[in-house]
Amino acid sequence: MSFFKRGGSPFIIAGPCSAESREQVLATAEAVSAMNVQLFRAGIWKPRTRPGSFEGLGAEALPWLQEVKAKYLLPVAIEVAEPEHVELALKHGIDVLWIGARTTVNPFQVQHIADALKGVEIPVMVKNPVNPDVDLWLGAIERIEHAGIKEIAAIHRGFSTYNAASPYRNQPNWPIPIELKRRRPELPIICDPSHISGKRALVGDIAQKAMDMGFDGLIIETHPDPDHAMSDAAQQVTPAALKQILDGLVLRNINSGNADSDVTLEYLRQLMDGIDAEIIDLIARRMELSERMGLVKKEANMTAYQPERWREIVDTRGTRAEKLNLSREFILSIYEKIHDESIRKQLEILQSVINEVKG
Ligand code: PEP
Ligand code: MN
């Protein structure tokens, strides 16, 4: 059994985005140690998007994590982004390391960290890169593996987007972690609903979705006073809220006794969702064309229904379907529906002419 897979129940990691003070670290640890939490997290070197934001307290916070370990018997994890961070973490008995999303994007940096890990036995978690690139994610994991690290988990924390309308801070792009799972079914994968959502109200739903999809664990940013957190204030939850989320999780059977077919099935469904979205978009575009044709027919005083055109559609679409091993009847039954709707829309347009003339 892997460090990150504890027989059926999810592996839960909780703790603040950043270690801010000894009191804050110990208060969070005390609260989460009473829950079903297996690992305590706290960032001490923080990769911030813009300079001037709180960049973590650095090595000063390491002894507080040692205290958490000793007092609450809770293993502790920090983010490392430099070989020097690895050295300091090892010197202070940190139990688990993680590589952040902004580091995973850079193979040089990941290699430097991997080199610092040679000959060391410590579990390492690798967050996805900020861009949706499964190979880059896998590449970072492989660099850590090649350094001899045995216990590795992937963390899905979502992907950057320029879509201001998105409800998420980082797009989940579920097909990407599912593709990683397909390629490496044995690799534990942990969801980070905090960084995906960017807001605490969504954390529970994303955590449940990860459970529904068979993820192995969750990492949830937890802070005694989230609104006043020095980083990621909007997404951190109180220990009480964490308890509610964890107690409310519906745990699913990870598989039906056949992990391979479950993972493949999920992967195929994700692909199918994408195709269905494309089909609907295409139908909408086709309807737009049909409406434009309606306007032309109106101008030329033509009928909406054109028997010649319908015969041509039946012929060409039926033949194409057969060539692709699809039943002619099946495809034509779909086209009947599409054509009916198209004619209905064109009739509306023709009708509007009559009304205009009447009016
Ligand atoms: C974090 O876990 O606090 C963090 C900085 O995350 P990420 O690397 O996913 O942005
Ligand atoms: Mn954070």
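Let me sum up the structure you'll find in this document. (Residues numbered from 1 in each chain as written. Chains lettered and ligands numbered in written order. Predicted model: local features only at pLDDT ≥ 70, side-chain atom pairs only at ≥ 80, totals over all residues. Heavy atoms only, no water.)

## Remarks on the overall build of the chain
Formally: Numbering goes from the N terminus for both helices and strands, where a helix is a DSSP run of H or I of at least four residues and a strand is a run of E of at least two. Our radius of gyration is a C-alpha quantity, and the globule rule it is checked against amounts to 2.2 Å times the number of residues to the power 0.38. Note on exposure labels: buried denotes an accessible area under 20% of the residue type's maximum, exposed denotes more than 50%, and partly exposed covers the range between, all computed with a 1.4 Å probe on protein chains only.
Looking only at helices and strands, the chain has 13 helices and eight strands in total. On C-alpha atoms alone, the chain measures out to a radius of gyration of 27 Å, which is more than a quarter above the 21 Å that the 2.2 N^0.38 rule sets for 359 residues. For the C-alpha atoms alone, the extent of the chain along its principal axes is close to 85 × 50 × 40 Å. Counting only residues that meet the buried cut, the chain has 45% of its 359 residues in that class.

## A look at unusual backbone geometry
One non-glycine residue with positive phi stands out, namely Asp-232, at about 50°. By the element assignment, Asp-232 lies in the loop between β8 (217–221) and α10 (239–248). Here the phi dihedral of Asn-325 falls at roughly 65°; this positive angle occurs in a residue that is not glycine. Within the secondary structure, Asn-325 sits in the loop between α12 (307–323) and α13 (328–358). Judged by its relative accessible area of 74%, Asn-325 falls in the exposed class.

## Things to note about the packing of aromatic side chains
Selection rule: For Phe, Tyr and Trp, where Trp contributes only its six-membered ring, two rings pair if their centres lie within 6.5 Å, and the inter-plane angle classes them as stacked under 30 degrees, edge-to-face over 60, or tilted in between. Criterion for a charge above a ring: Arg CZ or Lys NZ at most 6 Å from the ring centre, at most 35 degrees from the ring normal.
Summed over the entire model, instances satisfying the criterion amount to four aromatic pairs. Between Phe-3 and Phe-4, the ring centres sit 5.0 Å apart and the planes meet at 85°, which makes this aromatic pair edge-to-face. Ring plane angle 55° and centroid distance 5.6 Å describe the contact between Phe-3 and Phe-11, whose orientation is recorded as tilted. Three or more aromatic residues joined by ring pairs form one cluster here, namely Phe-3, Phe-4 and Phe-11. Its end group placed over the ring of Tyr-267, Arg-182 keeps NZ or CZ at 4.6 Å from the ring centre.

## Side note on the coordination of the manganese ion (ligand 2)
Inclusion rule: With water omitted from the atoms examined, metal sites may look incomplete; donors here are N, O and S atoms no farther than 2.8 Å from the metal, or 3.2 Å in the case of Na, K and Ca.
The protein atoms that coordinate the manganese ion (ligand 2) are Cys-17 (SG), His-195 (NE2), Glu-221 (OE) and Asp-232 (OD), at distances spanning 2.1 to 2.4 Å. Each donor residue of the manganese ion (ligand 2) belongs to the same chain, and together they define the spacing C-x177-H-x25-E-x10-D. Highlighted residues: His-195 in helix α8 (residues 193–197) and Glu-221 in strand β8, separated in sequence by 26 residues. Across the pair, exposure class does not vary: His-195 and Glu-221 are buried alike.

## A look at the site of ligand 1
Operational definition: Whether a residue is near a molecule or strand depends on its heavy atoms: if one lies within 4 Å, it is near. Residues adjacent in sequence count toward polar contacts only when both atoms are side-chain atoms; beyond that, a polar contact is any pair of N or O atoms within 3.5 Å, and within protein one must be able to donate a hydrogen and the other to accept it. Surface accessibility follows the Shrake-Rupley procedure with a 1.4 Å probe radius. Residue values consider only the protein chains on display as shielding. Three categories are distinguished: nonpolar for Ala, Val, Leu, Ile, Met, Phe, Trp, Tyr, Cys and Pro, charged for Asp, Glu, Lys and Arg, and polar for the others, with Gly belonging to the last.
Residues in close proximity to ligand 1 total 13 residues, the closest being Arg-41, Lys-46, Ala-101, Lys-127 and Arg-157. With respect to ligand 1, the side chain of Glu-221 contributes an N or O atom lying 3.1 Å from an oxygen atom. Against a free-state accessible area of 300 Å², the protein chains account for coverage of 97% of ligand 1. A per-class count over the shell around ligand 1 returns four nonpolar, two polar and seven charged.

## Focus: the environment of Val-124
Rule in force here: Any two residues whose heavy atoms approach within 4.5 Å are treated as being in contact.
You can see Val-124 is positioned in strand β5 (residues 124–127). On the basis of relative accessible area, Val-124 is assigned to the buried category, the value being 1%. Val-124 sits 210 residues away from Ile-334 along the chain, and the two C-alpha atoms are 51 Å apart. In this structure, Val-124 is in contact with Phe-4, Leu-97, Ile-99, Leu-117, Ile-144, Ile-149, Glu-151, Ile-152 and Ala-153, ignoring residues within four places of it in sequence.

## Let's talk about the environment of Lys-297
With respect to the helices and strands, Lys-297 occurs in helix α11 (residues 259–300). When near neighbours in sequence (up to four residues on either side) are disregarded, Lys-297 contacts Met-302, Thr-303, Ala-304, Gln-306, Gln-346 and Leu-350. A polar contact of 2.8 Å, which involves the side chain of Lys-297, links it to the backbone oxygen of Ala-304.

## What to know about the pattern of salt bridges
Short version of the rule: Any carboxyl oxygen of Asp or Glu within 4 Å of a side-chain nitrogen of Lys or Arg constitutes a salt bridge here.
Evaluation of the coordinates by the stated rule reveals 21 salt bridges. Across the pair Glu-179 and Arg-182 runs a salt bridge whose closest N-O atoms are separated by 3.0 Å. Taken as a pair, Glu-179 and Arg-182 lie in helix α7 (residues 175–183) at a separation of three residues, close to a single helical turn. For Arg-184, the salt bridge is made with Glu-186, and the minimal N-O distance between the two is 2.9 Å. Residue classification places Glu-186 among the partly exposed positions, given a relative accessible area of 47%. Put simply, Asp-135, Glu-179, Arg-182 and Arg-183 are held in one network by salt bridges that share partners.

## With respect to the packing of helix α1 (residues 22–33) against helix α2 (residues 62–72)
Counted only if it meets this: To obtain each axis, a line is fitted to C-alpha atoms, and for helices this fit is confined to the stretch in contact; angles are then taken between N-to-C directions over 0 to 180 degrees. Small angles under 35 degrees read as roughly parallel and large ones over 145 as roughly antiparallel, with 65 to 115 read as roughly perpendicular and the rest as oblique. Handedness of a helix crossing follows the sense of rotation of the near helix relative to the far helix, less than a right angle counterclockwise being left-handed and clockwise being right-handed.
Running from N to C, α1 and α2 point in directions that differ by 30°, and their axes come no closer than 10 Å. Comparing the axis directions of α1 and α2 gives the class roughly parallel. By crossing handedness, the relation of α1 to α2 is classed as right-handed. Contacts between α1 and α2 involve Arg-22, Val-25, Leu-26, Ala-29, Glu-30 and Ser-33 from the former and Trp-64, Leu-65, Glu-67, Val-68 and Tyr-72 from the latter. Grouping the constituent residues of the contact of α1 with α2 by class yields seven nonpolar, one polar and three charged.

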